[in-house]
Amino acid sequence: MFADLPLLSLVIWTPIIGGLLVLVTGSKNAVEAKVLSLLISIVTFFFSLFLYTDFDTTTAKMQFTEFLPWISNFHINYSLGIDGLSMPLILLTTFITILVIIAGWKVITFKAEQYMAAFLILEGLMVGVFAALDAMLFYVFWEAMLIPMFIIIGIWGGPNRVYATIKFFLYTFLGSVLMLISFLYMYWHASQINGVGTFSILDLHQLPLGIMPQILIFISFLLAFAVKVPMWPVHTWLPDAHVEAPTGGSVILAAIMLKLGGYGFVRFSLPITPDASQALDWLVIAMSLIAIVYIGFVALAQTDMKKLVAYSSISHMGFVTLGFFLIWQIQSNTGATAGAGMGLEGAMVQMISHGFISGAMFLSIGVLYDRVHSREISAYGGVINKMPAFTAFAVFFAMANAGLPGTSGFVGEFMVIMAAFKANFWYAFTAAITLIVGAAYSLWMVKRVFYGEVRNDNVASLQDLDGREFFIMTLLAIAVLVLGVWPDPLLEVMHASVDNLMAHIQYSKL
Amino acid sequence: MFETYTNLQVYLAIVLAPLIGSVLTGIFGTYMSKRMAHTITISGVALSFLLSLVVFNYHILHEMPDYNQNIYTWLKTENLTFSIGFLIDSLTAMMLVVVSFVSLMVHIYTIGYMADDNGYKRFFSYISLFTFSMFMLVMSNNFMQLFFGWEAVGLVSYLLIGFYYKKESAIFANLKAFLVNRVGDFGFILGIAAVLMYFNSLDYVEVFKQAPQFKDAMIEIMPGEQWSLMTVICILLFIGAMGKSAQAPLHVWLPDSMEGPTPISALIHAATMVTAGIFMVSRMSPLYELSDTALSFIIYVGAFTAFFMGLLGIIQNDIKRVVAYSTLSQLGYMTVALGVSSYSIAVFHLMTHAFFKALLFLAAGSVIIGMHHVQDIRQMGNLKKYMPITYITSLIGTLALIGFPGLSGFFSKDSIIEAVHYSTLPAAEIAYYAVLSGVFITAFYSIRLFILVFHGKERMDEHTKHHLKESPWVVTLPLILLAIPSIAIGWMTIEPMLYGDYFKSAITINSVAHPSLSILSESFHGGLAMITHGLQTLPFWLMVAGVTSAWFLYVIQPELPGKIKAMFLPIYKLLENNYGFDQFNQWFFAAGSRKLGGFLSSIGDALLIDGLVVNGSAKTVAWFASVIRKVQTGYLYHYAFTMLFGLIVLLIYVLN
């Protein structure tokens with residue numbers, strides 16, 4: 001019955017229109033606004049489930065496509081479609097949004113309806129980014145998405161939010177402007193070659209480009225996406241943004257917005273500029289490995305829980321970018337590309353898994369912050385004595401963050417390390433250091449916050465999770481566990497698209 | 001049994017019974033009585049034990065063929081398939097019986113040991129979870145699942161060492177244990193990656209089948225340097241074993257792990273988990289047989305551990321720490337046995353050691369209960385009067401450990417020493433002296449412990465003495481049940497395990513290059529002959545010498561140890577400080593990485609990236625903004641949406 005509906009548009013516009021509706025009607029009654037928001041997010045998730053159930057895993061073609069001319073003079077279209085790379089990310093988005101809305105239920109008392117509306121609108125825009133098949137449409141969603149995020153940090157954020165938002169803006173702006181210029185260049189270039197310009201992403205995949213333009217485009221993409229991921233050395237906005245953002249903002253930021261950067265690499269950089277990617281793969285690999293190790297050590301030194309988890313995110317996202325760019329090194333080392341697909345798929349799994357785990361970590365910090373109003377590790381100690389159930393979840397998520405087998409955190413890291421070994425022993429060696437350092441910062445934090453005697457009166461007066469918090473934690477724990485014990489269903493969705501991507505990567509445009 | 005049920009159902013039941021028990025008590029524990037919690041978990045483990053016996057009966061006594069099946073596909077990627085599956089052969093069958101038996105004993109014992117503890121149900125949940133993880137580890141048919149089990153037992157070990165989470169020393173020890181193990185796993189996962197790269201599979205059977213082709217394969221890790229592939233793989237995998245089986249220098253976590261409750265010291269840190277490394281190398285024998293370099297490396301590491309960790313046992317005053325260092329030393333023996341390609345002897349010692357060391361730990365626990373949680377042996381003495389069952393069973397365990405002829409430890413340890421003697425690898429020469437002198441050391445510290453605890457003057461305070469009594473039956477029953485195999489298992493099984501075809505295809509030995517075991521088997525004429533022959537060999541007299549010295553020093557001349565200590569103070573200090581391993585790790589790794597992190601954070605991130613690049617540009621922008629700000633109202637919220645709509649309207653207007 002749903003097969004004929006424009007599902008992608010529904011998933012995009014239900015939360016956006018719903019969010020506006022909440023904004024308009026909700027100011028009178030906050031409870032009503034929250035219930036309405038929750039309903040909208042659940043309905044959206046419900047729609048997105050059909051993207052999974054009706055998904056054809058045998059093809060790499062775009063599915064659930066929609067096409068409407070938008071600005072026909074410039075061949076800009078409202079063109080949507082998804083494949084195995086974007087579908088899981090959309091489901092992640094709709095799933096996490098529900099949790100964020102539940103998480104904000106009691107805590108947000110100031111302009112609750114605007115808070116909820118901002119997250120709903122943000123949800124629709126992020127899905128739009130993942131579903132857009134037109135570069136300009138992509139760009140509009142990409143930029144528009146920043147607005148609700150600014151608002152979330154700006155209104156419900158911490159004391160230093162102005163600095164954080166300026167930093168956030170500066171970083172992002174730099175990259176996206178260059179990305180826009182690249183799109184315009186390619187449009188012009190296409191019209192030179194074919195007589196007609198195009199913003200269709202799939203057409204751009206086929207567009208022949210010389211090495212110099214490719215390199216420039218690659219670098220502009222790299223700037224745009226590396227900031228989002230974020231990769232070392234353009235990562236320093238993330239810890240600040242996290243520290244200032246409210247819990248829900250941090251969750252969305254870590255769980256989904258970072259993935260947009262990763263997604264950009266597979267949707268744009270690799271297929272559009274394969275030759276430049278090959279020429280500059282060393283750069284991305286180096287940045288990824290530095291992120292994994294350097295940032296891991298930086299995380300170890302943090303005294304603020306949110307900063308610690310933020311740095312841990314950067315380190316984990318290093319696996320994503322590493323996994324994406326292994327193919328040529330594998331080829332030159334082994335003479336074949338076998339293993340590169342494992343790296344790509346591992347990177348994709350790492351993105352999904354990190355969505356759950358980092359979301360859970362930030363929610364856990366939120367649970368503590370709501371009660372004690374401090375993010376400092378030293379403000380806690382012995383939390384387990386008062387919150388045993390919460391501690392059980394927190395230890396579990398910390399273990400997942402440390403990549404314990406049986407949790408989703410292991411799957412992606414395992415696959416990427418296996419693939420990296422094929423490229424170069426030292427890549428795997430460096431990446432595997434995270435096994436030690438990741439465990440060190442995660443579990444050292446657990447030790448200082450949760451174990452030991454009750455440290456102070458604040459901790460002594462803590463109450464264990466209420467039903468609402470328990471519910472959110474349980475859902476995330478199940479997701480982390482299921483994905484760790486049986487990741488195959490997720491992988492199965494990706495195979496065809498990854499094969500197709502591999503073909504594109506290896507096809508020279510020169 | 002197998003007539004009505006399929007093999008798979010039986011194997012699954014073995015694995016899942018403790019898991020279900022663990023999950024039920026873990027999640028619904030708050031709604032359960034203590035009795036219900038232990039009934040559920042013990043039933044689960046008891047079922048596993050019974051079914052393990054069934055499996056043993058089926059595969060070993062009835063000589064049914066090995067079972068090797070995948071259960072489900074964990075994930076597929078490219079042409080690779082990673083599965084969860086079971087390989088049941090003689091090695092696994094033996095491990096199943098040992099693990100489930102010791103686990104069952106420990107479960108029962110826990111009823112008494114933890115009776116008054118608030119974390120009673122949590123504890124049962126953990127040890128059942130451990131049992132599940134250990135089963136997954138030994139039943140695995142591939143490297144990946146092995147790693148799963150490997151890390152899962154590490155997780156439970158972490159949770160149990162930190163069981164008394166209020167104690168600073170406990171939560172220090174569990175973090176340390178996990179991290180040191182992770183150092184081992186770092187090597188392990190690289191080893192797995194190497195296997196996957198060259199063999200294109202992680203399935204044991206497939207990898208072992210291909211292994212001989214790679215005998216002479218080279219790998220270039222340092223530019224221009226060719227290393228033997230099998231050596232690299234074997235050493236990387238062995239680094240994992242060094243972490244789990246606590247071989248120097250990754251042994252540092254095991255003594256500290258004694259912070260955990262005593263039942264788990266017996267189960268995890270003596271009998272089962274720490275032997276996972278020994279099991280792993282035995283399982284991988286087809287790979288290790290291809291690299292003499294790796295085998296030599298193993299010999300050196302094992303010999304070092306066996307000798308130097310044994311020495312540390314001599315000066316410990318905490319009853320559990322003596323046994324812990326003894327465990328380290330015995331693990332060293334097993335490792336040496338692996339190095340001289342006598343995998344079956346290593347596994348044989350693993351088995352006998354599991355029984356007598358679990359016995360010794362549980363007996364130590366019984367003493368600790370009696371002493372009201374005093375663990376210092378200087379405050380004990382003459383406990384034989386108050387705790388007769390603990391006394392007798394400890395005596396059996398001690399004699400088994402020091403290799404008293406006829407008891408289980410004698411057969412396994414003597415075999416190891418002989419095997420090292422016959423090894424043709426140059427490394428075995430020095431190892432031979434290490435394991436030989438280890439016999440003296442073992443006898444010395446064991447008898448010292450035994451005398452100080454059970455004999456001599458009663459040194460405890462009046463209050464403790466007044467309450468001293470034998471532990472309840474749930475504690476003593478496991479002691480008795482463990483004492484039986486400690487006496488008899490060596491005698492009963494040495495012939496089939498070492499010289500029969502017990503292991504069949506489970507263990508591969510290239511007996512031309514590594515002849516130890518085949519030479520041994522020629523001179524083996526039955527258990528009795530081994531005992532009588534044993535009486536004339538050097539190890540026996542070294543053992544006697546160790547016993548006599550301990551007896552002399554702690555019974556005849558009890559003031560002498562103090563004098564000796566004063567005389568050799570520097571050496572004593574060195575031993576007391578664990579040769580400085582802990583200090584070095586604290587200084588270099590723990591403090592060093594925190595410093596490095598702080599440096600990167602303040603210099604790299606804050607000063608260079610943020611200070612110079614980001615804030616520099618931000619200041620420029622801020623100046624620019626200060627000009628523009630004059631025309632703005634400051635309502636960011638309104639502004640933002642205006643921007644969005646403005647952009648879209650503008651685009652449409654201009655472009656159309």
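Here, the structure is the one placed above.
Description of the structure in this document. (Residues numbered from 1 in each chain as written. Chains lettered and ligands numbered in written order. Predicted model: local features only at pLDDT ≥ 70, side-chain atom pairs only at ≥ 80, totals over all residues. Heavy atoms only, no water.)

## Things to note about the interface of chain A and chain B
Moving on, step 1. Contacts between chain A and chain B engage 81 residues on the former and 66 residues on the latter.
Moving on, step 2. Interface area, chain A with chain B, both sides summed: about 6,500 Å², of which 76% is carbon and sulfur.
Moving on, step 3. Ranking the residues of chain A by area buried against chain B places A:Phe421, A:Leu435 and A:Lys447 at the top, with a combined share of 9%.
Moving on, step 4. The tally of links between chain A and chain B comes to one salt bridge.
Moving on, step 5. Across the contact surface, chain A and chain B share 17 residue pairs in polar contact (both at pLDDT 80 or more). (Contact = heavy atoms within 4.5 Å. Buried area = accessible area lost by both parts, 1.4 Å probe. Salt bridge = Lys/Arg side-chain N within 4 Å of Asp/Glu carboxyl O. Polar contact = N/O pair within 3.5 Å; in protein donor to acceptor, adjacent residues only side chain to side chain.)

## Quick look at the packing of aromatic side chains
Moving on, step 1. Scanning the entire structure with this criterion turns up 76 aromatic pairs over all chains.
Moving on, step 2. When the centroid spacing of 4.8 Å and the interplanar angle of 65° are considered together, the rings of A:Tyr115 and A:Phe119 count as edge-to-face. Here A:Tyr115 pairs with A:Phe119, and both are found in helix α4 (residues 112-131), just four residues apart, close to one helical turn. For the pair A:Tyr115 and A:Phe119, one class covers both residues: buried.
Moving on, step 3. Ring centres of B:Trp150 and B:Phe188 lie 4.7 Å apart, and the angle between their planes is 40°; this geometry places the pair in the tilted category. Of this pair, B:Trp150 sits in helix α5 (residues 143-161) while B:Phe188 is found in helix α6 (residues 168-199), placing the two residues 38 residues apart along the sequence.
Moving on, step 4. Of the aromatic side chains, those joined through ring pairs into one cluster are A:Phe138, A:Trp142, A:Phe183, A:Phe218, A:Phe221, A:Phe225, A:Phe265, A:Phe268 and A:Phe325.
Moving on, step 5. The ring of A:Trp142 carries A:Lys228 above its face, with NZ or CZ at 4.6 Å from the centroid.
Moving on, step 6. Just above the ring of B:Phe163 sits the side chain of B:Arg122; from NZ or CZ to the centre is 4.1 Å. (Phe/Tyr/Trp six-rings, centres within 6.5 Å; stacked < 30°, edge-to-face > 60°. Helix = DSSP H or I, 4+ residues; strand = E, 2+ residues; numbered from the N terminus. Buried < 20%, exposed > 50% of the residue type's maximum accessible area, 1.4 Å probe, protein only. Lys NZ or Arg CZ within 6 Å of the ring centre and 35° of its normal.)

## Thoughts on the packing of helix α16 (residues 388-402) of chain B against helix α17 (residues 408-422) of chain B
Any two packed helices are characterised by how steeply their axes cross, that is the angle between the axes, and by the distance between the axes.
All names here are of chain B.
Moving on, step 1. At a minimum axis distance of 6 Å, the contact between α16 and α17 shows a crossing angle of 15°. The angle between α16 and α17 falls in the class roughly parallel. α16 and α17 meet at a crossing whose hand is right-handed. Counting all contacts with α16, which are made through Ala400, Leu401 and Ile402, the residues of α17 involved are Ser408, Gly409, Phe410 and Lys413.
Moving on, step 2. Each residue belonging to the contact of α16 with α17 can be placed in one class, and the counts come to four nonpolar, two polar and one charged. (Axes fitted to C-alpha atoms, helices over the stretch in contact; angles between N-to-C directions. Parallel < 35°, antiparallel > 145°, perpendicular 65-115°, else oblique. Left-handed = near helix turned anticlockwise from the far one by under 90°. Nonpolar A, V, L, I, M, F, W, Y, C, P; charged D, E, K, R; others polar.)

## Quick notes on unusual backbone geometry
Moving on, step 1. Omega for the bond connecting A:Val229 with A:Pro230 falls within 30 degrees of zero, at -20°, which places this linkage in the cis form.
Moving on, step 2. In this fold, A:Pro230 is placed in the loop between α9 (211-228) and α10 (237-244).
Moving on, step 3. Across the junction of B:Ala248 and B:Pro249, the peptide omega takes the value 5°, indicating a cis bond.
Moving on, step 4. Take B:Pro249: it is sitting in the loop between α8 (229-244) and α9 (253-256).
Moving on, step 5. Positive phi, close to 60°, is recorded for A:His373, a residue that is not glycine.
Moving on, step 6. Taking relative accessible area as the criterion, A:His373 reaches 56% and is therefore assigned exposed.

Purely geometric stuff here, so don't read any function into it on its own.
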